[in-house]
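# A look at the structure
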Amino acid sequence: MHLPESSNVVRPEPMESATYTQSSRLQAAGLLPAVALFERAAAQVSLPKPPQPVVIADFGAATGHNSLRPITAAIDVLRGRTRHDHAILVAHTDVPENDFTALFRTLDEDPDSYLQKDAAVFASAIGRSFYGQILPTSTVNLGWSSWAVQWLSRVPEGAPELVDHLQVAYSGVEGARAAYARQAAKDWTDFVAFRGRELAPNGRLVVLTMAVDEEGQFGYRAMNDALVEAVLDQVRQGLLREEEWRRMTIPVVARSEADLRAPFAPSGWFEGTTIEHLDMFNAPDRFWARYQADGDAEAFGAQWAAFARAALLPTMAAALDDGPNDPRAAEFVERLEAAVAHRLARAPEPMRIPLAALVLTKRARA
């Protein structure tokens, strides 16, 4: 997960990395269709001749957990097309605040790591935002990005405060949705433009990101509402100040098919890239499936609350007076997680998880 550069947003502290990795198992449920696309892309891209390495870029790597399966699968396909000593370089990218120590531990220690399977594969990391160019022009053969580009590069400048919700999709504040939509459009255009420069001719990038459903809805309603109720409880109890609540926002925007296609209009091409494949779908709620099997409402609530803690609560804690280093931050997070777990366990319901999977292809050399 790629988090914004804004001072309102922070990466989870290192102690949160295990929680983040555990919570990403829910995200992994939506990976399967995108992994299949990534394998197909690996079979189609043009490959450099040795000694130039095949370059795979992972945009928004976080701790690397959601990258292992797709990148390993792609390497297996590539090895069917290359000599086994042909070097493959994997560049994992994320913002500077990312926990790169946890990333390299994942790559070094996880039994599913591609580094455990192929001595001619090399890993590297880049601590820069993917809303700019971060790799040399025309060098990336294969790109991957999952659960990352829904995070805005910043809270929109001049946007009204979301005084009624944390998620703009569920806010009734006039002008807020338009401001966030403009920022989301700019960010997506920037992301595509710079990937277009980085991709080698006939290179491909697979993106998995949050989307709106067929009714234009964001999804995750019960979890987001539980977060709002839990935060307002802390305001009423005096742990948080009203001003802190007013500053809290989760700068995530889910895009429609039209949003994703917009940079490519009207010709279908942008910065030498085109959308080769685009699929909008609803991922399964694995926590709900487990609840249906075992009836354990407490576990259902706890699993969704752990997901919220890892993916969203560090961003919310950044709105405290002294940010994530505020002396109340630990208590804020602990109480919020417990409250969300309690609310969701009290009235379990499946979450809608709308996603988009797309493949961008760089124009081949004439």
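Keep in mind that what you see is a predicted model, and the values were worked out from it rather than measured.

## Focus: the nonpolar core
Side chains that are nonpolar tend, in soluble globular proteins, to be buried together. In this structure, Leu227, Trp304 and Met316 are the most contacted members of the largest nonpolar core, which totals 79 residues. Listed in part, the 26 residues of the second largest apolar core include Ala57, Leu135, Leu278 and Ala356.

## Re the confidence of the model for the chain
On average, residues of the chain carry a pLDDT of 92, and 92% of them reach 70 or more. With pLDDT under 50 throughout, residues 1-22 is counted as low confidence; its partners more than four residues away or in other chains account for 74 contacts.

## Quick word on the pairing of strand 4 (residues 140-146)
A regular strand places its side chains so that they alternate between the two faces of the sheet. When you tally the buried positions in strand 4, you get 7 out of 7 residues, the bulk of the element. The pairing of strand 4 with strand 5 (residues 199-210) spans 6 bridges and is classified as parallel. Each residue of the ladder has a partner; that of Ser145, found in strand 5, is Val207. Note on the crossover from strand 4 through helix 5 (residues 176-198) to strand 5: the handedness is right-handed.

## Concerning the environment of Arg182
By the secondary structure assignment, Arg182 is in helix 5. Take Arg182: its relative accessible area is 57%, and that puts it in the exposed class. Separated by 98 residues in sequence, Arg182 and Met280 have C-alpha atoms that sit 21 Å apart.

## Topic: the packing of helix 10 (residues 297-311) against helix 12 (residues 329-346)
The geometry of helix 10 relative to helix 12 is characterised by a closest axis approach of 7 Å and an angle of 140 degrees between their N-to-C directions. Taken together, the axes of helix 10 and helix 12 lie oblique to each other. For the crossing formed where helix 10 meets helix 12, the hand is right-handed. In this structure, helix 10 contributes Ala297, Glu298, Phe300, Gly301, Ala302, Trp304, Ala305, Ala306 and Arg309 to the contact, and helix 12 contributes Val333, Glu334, Glu337, Val340, Ala341, Leu344 and Ala345. Taken together, the residues of the contact of helix 10 with helix 12 sort by class into 11 nonpolar, 1 polar and 4 charged.

Conventions we followed
Residues numbered from 1 in each chain as written. Predicted model: local features only at pLDDT ≥ 70, side-chain atom pairs only at ≥ 80, totals over all residues. Heavy atoms only, no water. Core = buried A, V, L, I, M, F, W, Y, C linked by side-chain atoms within 4.5 Å. Buried < 20%, exposed > 50% of the residue type's maximum accessible area, 1.4 Å probe, protein only. pLDDT = per-residue confidence, 0-100. Contact = heavy atoms within 4.5 Å. Helix = DSSP H or I, 4+ residues; strand = E, 2+ residues; numbered from the N terminus. Pairing = 2+ DSSP bridges. Right-handed = clockwise from strand over helix to strand, strands pointing away. Axes fitted to C-alpha atoms, helices over the stretch in contact; angles between N-to-C directions. Parallel < 35°, antiparallel > 145°, perpendicular 65-115°, else oblique. Left-handed = near helix turned anticlockwise from the far one by under 90°. Nonpolar A, V, L, I, M, F, W, Y, C, P; charged D, E, K, R; others polar.

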